[in-house]
Amino acid sequence: MPTATAEAHPNIAFIKYWGNRDHEARIPSNGSLSMNLAGLVTRTTVTFRPDLPGDRLILHGHHVRGRGLARVVRVLDRVRLWSGLHWHAEVRSENNFPTGAGVASSAAAFAALAVAAAAAAGLDLPPRDLSRLARLGSGSACRSVPPGFVEWLPGSSDEDSFAVSIAPPEHWALADCIALVSQRHKAVGSTEGHRLAETSPLQNARVADAPRRLAVCRAAILQRDFDALAEIVEADCHIMHAVMQTSRPPLIYWTPTTLAVMHAVRRWRREGLPVAYTIDAGPNVHVLCPQEKASEVKARLLRLRGVRQVLVATPGGGARLVGEK
Ligand code: PMV
């Protein structure tokens, strides 16, 4: 039976993707830049079988149907189109990090799915096509395919919208201390959120200024300039949340604990600790710092009221096969 297993990490965006030019193909309104998160891993096995009446998705041993399955089918359909294989597939996936903890798992999941499904179907795709394939399931997943520090070149069509590595994981010993402040499921997921972006009068300004923010962030990474990174990462986070908070209906992902962490991080930085925060479509706060400061930052975060758990991740590799039969 054609089968393959792949692993991938989630990623944290330093310059965010929010809003699409083309929702169906997930062509983003602006480029984005991220770091893969080693330590957090999704492992996915894809097996194409002649006896299956339809594609099947099993997450942590539980069958998933509905929208979650539909997004997987979208990726598998493209693999069938490119390979000529007509069988349906069974997809089994597991994360080593707590699901439902509010750490976005879709990027890792679709990156691992793309790599495993392509290999299982006998396709030998170049990295840019694996990144395009992952993008069909979740936009940010295209950034979990290449290793290390990654830029999604937005492009204007399915063919030219994919991500590339701008520096390998060992380029910069950064850490992401993820302060988990809520176990609850997010009210509005990112697929719906991207559609709301264009209802904010601030989105055009955010998108127009994105090339500047990308250039500043890219330079900060390449020069390992933490102060410059801190400033641009927080500015980009604020402008995305400004769009979210001014869309119709408004999306307010922050909780009082989110704000408390933001204020604490800014205070610590004023006191001389190199730290910066960024927040995705949820209440958790990603606190970036040099790796040698990670245990101190983690301890400080755990002392803040409302912070339940802190996961520490370092720059991670790309999506890769772990076994092929
Ligand atoms: O890939 P999606 O549809 O889950 O969107 C990701 C959106 C953000 O996490 C908020 C920003 C980003 O660039 O990762």
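Predicted, not measured: the structure shown is a model, and the values here were computed from it.

## What to know about the packing of helix H6 (residues 210-222) against helix H7 (residues 226-245)
Argument step 1. The interhelical angle for the contact between H6 and H7, taken along N-to-C directions, is 150°, at an axis separation of 9 Å. Taken as axis vectors, H6 and H7 run roughly antiparallel relative to one another. Every pair of crossing elements has a handedness; the one defined by H6 and H7 is left-handed. Contacts between H6 and H7 pair Arg 212, Arg 213, Val 216, Cys 217, Ala 220 and Ile 221 from the former with Ala 228, Leu 229, Ile 232, Asp 236 and Ile 239 from the latter.
Argument step 2. When its residues are assigned to classes, the contact of H6 with H7 shows eight nonpolar, no polar and three charged.

## What about the side chain of Thr 44?
Argument step 1. By the element assignment, Thr 44 lies in strand S6 (residues 42-49).
Argument step 2. Its relative accessible area of 1% is what places Thr 44 among the buried residues.
Argument step 3. In terms of polar contacts, Thr 44 uses its side chain to reach the side chain of Ser 93, at 2.9 Å.
Argument step 4. With near-sequence residues (within four places) excluded, Thr 44 lies in contact with Ala 4, Thr 5, Ala 6, Val 91, Arg 92, Ser 93, Ala 109, Ala 112, Leu 113 and Ala 116.

## Notes on helix H9 (residues 294-302)
Argument step 1. Those residues of H9 that sit buried are Ala 294, Val 297 and Leu 301. Taken down its axis, H9 places every buried residue within 65° of arc, on the same side.
Argument step 2. Packing partners of the buried residues in H9 comprise strand S12 (174-180), helix H8 (256-270), strand S14 (285-290) and strand S15 (309-315).

## Observations regarding the domain arrangement of the chain
A common way to state how big an interface is: give the accessible area lost once the parts meet.
Argument step 1. For the chain, the assigned domains are domain 1 (3-168) and domain 2 (174-315).
Argument step 2. Its C-alpha centre places domain 1 at a distance of 23 Å from the equivalent point of domain 2.
Argument step 3. In this assembly, 31 residues from domain 1 lie in contact with 45 residues from domain 2.
Argument step 4. With both chains or domains summed, domain 1 and domain 2 bury close to 3,300 Å², and 67% of this area falls on carbon and sulfur atoms.
Argument step 5. The largest contributions to the domain 1 side of the interface with domain 2 come from Phe 14, Lys 16 and Trp 18, which together make up 27% of the buried area.
Argument step 6. Salt-bridge contacts for Lys 16 lead to Asp 280; the nearest nitrogen and oxygen are separated by 2.6 Å.
Argument step 7. One can count twelve residue pairs in polar contact (both at pLDDT 80 or more) joining domain 1 with domain 2.
Argument step 8. Among the elements of the structure, strand S2 (11-15), strand S5 (32-38), strand S10 (149-153) and strand S11 (162-167) are those that each provide at least two residues to the side of domain 1 that touches domain 2.

## Overview of the nonpolar core
Argument step 1. If you look at the biggest cluster of nonpolar residues, it comprises 36 residues, and the most contacted ones within it are Val 46, Phe 48, Leu 76, Leu 113 and Leu 133.
Argument step 2. Of all the secondary structure elements, the ones that give two or more residues to this core are strand S1 (3-8), S6, helix H1 (66-83), strand S9 (88-95), helix H2 (106-120) and helix H3 (127-137).
Argument step 3. Looking at this core element by element, the count peaks at twelve residues for H2.
Argument step 4. Residues contacting Leu 133, with those up to four places away along its chain left out, are Val 75, Arg 78, Val 79, Trp 82, Ala 114, Ala 118 and Leu 125.
Argument step 5. The next biggest cluster of nonpolar side chains, apart from the first, holds 28 residues, and it includes Leu 33, Leu 37, Ile 178 and Cys 217.

## With respect to H6
Argument step 1. The terminal C-alpha atoms of H6 lie 18 Å apart, and with 13 residues this matches the ideal 18 Å at 1.5 Å per residue to within 8%.
Argument step 2. Burial in H6 covers these residues: Ala 210, Arg 213, Leu 214, Cys 217, Ala 220 and Ile 221. One side of H6 holds all its buried residues, which, seen down the axis, span an arc of 130°.
Argument step 3. Looking at the packing, one finds that the buried side of H6 touches S2, S5, S10, S11, helix H5 (203-208) and H7.
Argument step 4. Following H6 by one or two positions, Arg 224 has its phi on the positive side, about 50°.

## Re the site of the ligand
Argument step 1. Close to the ligand lie 14 residues; Tyr 17, Ser 140, Arg 143, Ser 190 and His 194 are nearest.
Argument step 2. At 2.9 Å from an oxygen atom of the ligand is found a main-chain nitrogen or oxygen belonging to Tyr 17.
Argument step 3. The contact in question runs from an oxygen atom of the ligand to an N or O atom on the side chain of Ser 190, over 2.8 Å.
Argument step 4. Mapped onto the domain boundaries, the shell around the ligand takes at least three residues apiece from domain 1 (3-168) and domain 2 (174-315).

## Notes on the environment of Trp 268
Argument step 1. Relative to the elements of secondary structure, Trp 268 occurs in helix H8.
Argument step 2. In sequence terms Trp 268 and His 286 are 18 residues apart; their C-alpha atoms lie 15 Å from each other.
Argument step 3. Here Trp 268 is in contact with Leu 273, Val 275, Arg 300, Leu 301 and Leu 304, once residues within four sequence places are set aside.

## Things to note about the pairing of S1
Argument step 1. Among the six residues that make up S1, six are buried, leaving the element largely enclosed by the rest of the structure.
Argument step 2. One ladder, built from six bridges, connects S1 with S6; its direction is antiparallel. Its bridge partner lying in S6, Ala 8 is registered against Thr 42.

About the criteria used
Residues numbered from 1 in each chain as written. Predicted model: local features only at pLDDT ≥ 70, side-chain atom pairs only at ≥ 80, totals over all residues. Heavy atoms only, no water. Axes fitted to C-alpha atoms, helices over the stretch in contact; angles between N-to-C directions. Helix = DSSP H or I, 4+ residues; strand = E, 2+ residues; numbered from the N terminus. Parallel < 35°, antiparallel > 145°, perpendicular 65-115°, else oblique. Left-handed = near helix turned anticlockwise from the far one by under 90°. Contact = heavy atoms within 4.5 Å. Nonpolar A, V, L, I, M, F, W, Y, C, P; charged D, E, K, R; others polar. Buried < 20%, exposed > 50% of the residue type's maximum accessible area, 1.4 Å probe, protein only. Polar contact = N/O pair within 3.5 Å; in protein donor to acceptor, adjacent residues only side chain to side chain. Arc of directions from axis to C-beta. Domains from an automatic or database assignment. Buried area = accessible area lost by both parts, 1.4 Å probe. Salt bridge = Lys/Arg side-chain N within 4 Å of Asp/Glu carboxyl O. Core = buried A, V, L, I, M, F, W, Y, C linked by side-chain atoms within 4.5 Å. Expected span 1.5 Å × (residues − 1). Near = heavy atom within 4 Å. Pairing = 2+ DSSP bridges.

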